[in-house]
Amino acid sequence: MRASDFDCIVIGGGHAGIEAAHAAGCLGARTCLLTLSRPTIAKMSCNPAIGGLAKGQIAREVDALGGLMGLATDAAGIQFRLLNRSKGPAVQSPRAQADKYRYQDFMRARLEETPNLTIVEAMASDILTEDRQVCGVRCNNGMMLAARTVIVTTGTFLRGLMHIGAEQFPGGRLGEPAAGELSMSLERIGLQLRRLKTGTPVRLDARTVDLDRLEVQPGDPEPVPFSFLTERIDRPQTPCWITYTNERVHQLIRDNLNRAPLYTGQITSIGPRYCPSIETKIVRFADKDRHQVFLEPEDEARTTIYCNGISTSLPRDVQEQMLRLMPGTENARIVHYAYAIEYDSCPPVQLQPSLETKRIAGLFLAGQINGTSGYEEAAGQGIIAGINAARKLQGREPLVLGRDQAYIGVLIDDLLTKGIDEPYRMFTSRAEYRLALRSDNADRRLTPIGRSVGLVEETRWSKFQRKHAAIEDLKQRLRSVRVEGATLWDLLRRPDGPSLDSLIADLGSRIADSTTDDPAQSAIRDPQSAIALRPEVREAVTVDAKYEGYLAKQERIVAAQRSLDSKRIPAGLDYGAISHLRAEAKEKLTAFQPATLGHASRLGGITPADITVIQVYLKRNSRD
């Protein structure tokens, strides 16, 4: 078939591919989203939920940059919860259960409205290159698509192999074919591949589950939206339910470990440590007499239920027996069985910080192909890859977010520096600057950046500017008013000090008793400037006040690290030629080829002394 010309081809219509295609198209690149099937775009093949600890921050960061995930979640969410409410704002994260059908419909509609974007249904079979520069994609139906940039977001489809007990069958996910030829193409152009594994639990017919006997987990009475564009969520919340495994379930699993692919040698690849299968839990935590199982609706009509907590690849008959032994699921009918899936990924050491491959110019990788897990991690990579593909076409420098700017920055930096031997999952503990990387301030951190690259449109920008101005205005007013020798800002900063709401409520009477003509104090009497402030403005001011001292200390640390991150290392630097550099450091640096001194400093096994040696070498060389 005749070749079609594009600027950018995105392979895969999952969460990474959606954000990549949307970003590239909005930034002016003639973009093709290449997907097996238009109806399966944005399919939530695992749990139909967005957010959670640290993942919620990433979802809000994608939204703040101008992406789609937050808007889709608000449109399709059926239960919203803010996790860790009892803890500090730095570790609070939004989470939403979504109607998986409504989520897909929303995303597909938004992509169909995206400028410069064409959706093509076909399977990519070959990445075309010329002189180590990508030039297009060949499909398995013979169609040729020409492009100067290609973004690969294949999820679990690369040579996907599914397991249910002794059964093995190829597939990218249930009911969809694997992409074997594309794996071979990636190897031909010089990329290394490795196998990873993930899995999913059974889905149940909700009508056959005895929900009345189970513990109810309701949503928040006042849901917190994901998108900064969403004013409020005012539709009813759908509950989830909680049940538990028990000793009889555990004994059943122990008795059948000889039939479990994870323990028979049938599965040899590594799965996610932090989302283990139920058989792994039974073996690893042998002292536990039960494990929690969340029964979560997959749609608002409660047609099917996702059994969060019992992911497995055990045989079908064992899965059925397991359900018979758990409260509430004794008579449940399985809609589809749990399975494990092995798939190819590309170790991300082969990437630049822009997510462009080091070996092939114009070829970007995003999502599970880079060894990550989760919709949110995929979306975060996807939007960065889409932005950077468009910027490459424009001849502009790539967007690289720092660890101090975003969880997305932490994610990508970890992929490039830590080495991935299991599917990567984001946690707040991975972010050393998490005091500044909160879910509530993602817009203040990233919306100006999204605007500068051209992805934040006028409506979002105007709303952000109004919010930002209100925050700064209130801060200034609080710093301008003194009560008994201290400013209101000083009172708010105190750990045991009054709340902002109480300060505002009491402010009118305090000022009324004062004879001052200070215009700043007079201005606070205006209810439009203080008393009528929106909740998100009050929250931002309160958190900024409480964390001010900590953030000032953190900023000094960030400044020092930023200095290292600004010092670029020439591509292909021969570390073997650097005298006084330890052999271990030479080996690690040669393998990873860090882009900057900051990148090098975060590699495992690299010491401050190694960085000093490299700095001296680069300085001496720059004079030669």
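What counts, and at which threshold
Residues numbered from 1 in each chain as written. Predicted model: local features only at pLDDT ≥ 70, side-chain atom pairs only at ≥ 80, totals over all residues. Heavy atoms only, no water. Pairing = 2+ DSSP bridges. Helix = DSSP H or I, 4+ residues; strand = E, 2+ residues; numbered from the N terminus. Salt bridge = Lys/Arg side-chain N within 4 Å of Asp/Glu carboxyl O. Axes fitted to C-alpha atoms, helices over the stretch in contact; angles between N-to-C directions. Phe/Tyr/Trp six-rings, centres within 6.5 Å; stacked < 30°, edge-to-face > 60°. Lys NZ or Arg CZ within 6 Å of the ring centre and 35° of its normal. Core = buried A, V, L, I, M, F, W, Y, C linked by side-chain atoms within 4.5 Å. Buried < 20%, exposed > 50% of the residue type's maximum accessible area, 1.4 Å probe, protein only. Parallel < 35°, antiparallel > 145°, perpendicular 65-115°, else oblique. Left-handed = near helix turned anticlockwise from the far one by under 90°. Contact = heavy atoms within 4.5 Å. Nonpolar A, V, L, I, M, F, W, Y, C, P; charged D, E, K, R; others polar. pLDDT = per-residue confidence, 0-100.

## Structural notes on the sheet that holds strand β10 (residues 144–146)
Move 1: An order of β1-β10-β9-β8 is seen for the four strands of this open sheet, with the pairing classed as mixed. Where the open sheet ends on each side, the last strands, each with one partner, are β1 (4–5) and β8 (124–130).
Move 2: As paired elements, strand β9 (residues 133–139) and β10 share three bridges and run antiparallel to each other. Paired with G136 across the two strands is A146, which belongs to β10.

## Quick look at the pattern of salt bridges
It is possible for side chains of opposite charge to pair when their charged atoms get near one another.
Move 1: Going through the model one piece at a time under the given rule, you end up with 53 salt bridges.
Move 2: Between R188 and D126 there is a salt bridge, and its shortest N-O distance comes to 3.2 Å. Pair noted here: R188 is in helix α5 (residues 180–188) and D126 is in strand β8, with a separation of 62 residues, a long-range link.
Move 3: Taken together, the salt bridges that share partners define one network made up of R403, D413, D414, E432, D565 and R602.

## Examining the sheet that holds strand β4 (residues 49–51)
Move 1: Taken in spatial order, the three strands line up as β4-β6-β5 in an open sheet, and their pairing is antiparallel. Two strands lie at the open edges of the sheet, namely β4 and β5 (77–83), each paired on one side alone. Strand-to-strand twist across the sheet, computed as the mean angle between neighbouring axes with direction ignored, equals 15°.
Move 2: Of the pairings in the sheet, the one linking β5 to strand β6 (residues 93–98) comprises six bridges and is antiparallel in character. Pairing of F80 across the sheet is with A96, part of β6.

## Topic: the packing of aromatic side chains
Move 1: By the definition in use, this model includes one aromatic pair.
Move 2: The ring of F228 has R60 sitting right over it, with the charged end atom 4.4 Å from the ring centre.
Move 3: One Lys or Arg, R479, reaches over the ring of W489 and ends 4.4 Å from the middle of that ring.

## What about the nonpolar core?
Move 1: Among the nonpolar cores identified, the biggest contains 104 residues, and I9, I11, L34, Y103 and I127 are the most heavily contacted of them.
Move 2: Core analysis: the second largest hydrophobic core is formed by 31 residues, L252, I282, A332 and A338 among them.

## Points about unusual backbone geometry
Trans peptide bonds make up most of the peptide bonds, and negative phi angles are found at most residues other than glycine.
Move 1: One non-glycine residue, A54, lies in the positive phi region at around 70°.
Move 2: Owing to a relative accessible area of 0%, A54 belongs among the buried residues under this scheme.
Move 3: Residues other than glycine seldom take positive phi values, yet D131 does so here, at roughly 55°.
Move 4: With respect to the secondary-structure elements, D131 resides in the loop between β8 and β9.

## Quick look at the packing of helix α12 (residues 442–453) against helix α13 (residues 458–480)
Move 1: Axis separation between α12 and α13 bottoms out at 11 Å; the angle between their running directions is 140°. Our classification of the angle between α12 and α13 gives oblique. With respect to the hand of their crossing, α12 and α13 are arranged in left-handed fashion. Every residue of α13 that contacts α12 at D443, R444, T447, P448 and R451 is listed here: E458, W461, F464, K467, H468, I471 and K475.
Move 2: Here the residues of the contact of α12 with α13 sort into four nonpolar, two polar and six charged.

## Brief notes about the side chain of T417
Move 1: Among the secondary structure elements, T417 is positioned in helix α11 (residues 407–417).
Move 2: With relative accessibility at 1%, the residue T417 sits in the buried group.
Move 3: Residues within four places of T417 in sequence aside, it is in contact with F592, H599, R602, L603 and G604.

## A look at the confidence of the model for the protein
Move 1: In the predicted model, the protein carries a mean pLDDT of 92, and the fraction of residues at 70 or more is 95%.
Move 2: Taken together, the stretch residues 511–525 has pLDDT below 50 and engages in 18 contacts with residues farther than four places along the chain or on a different chain.

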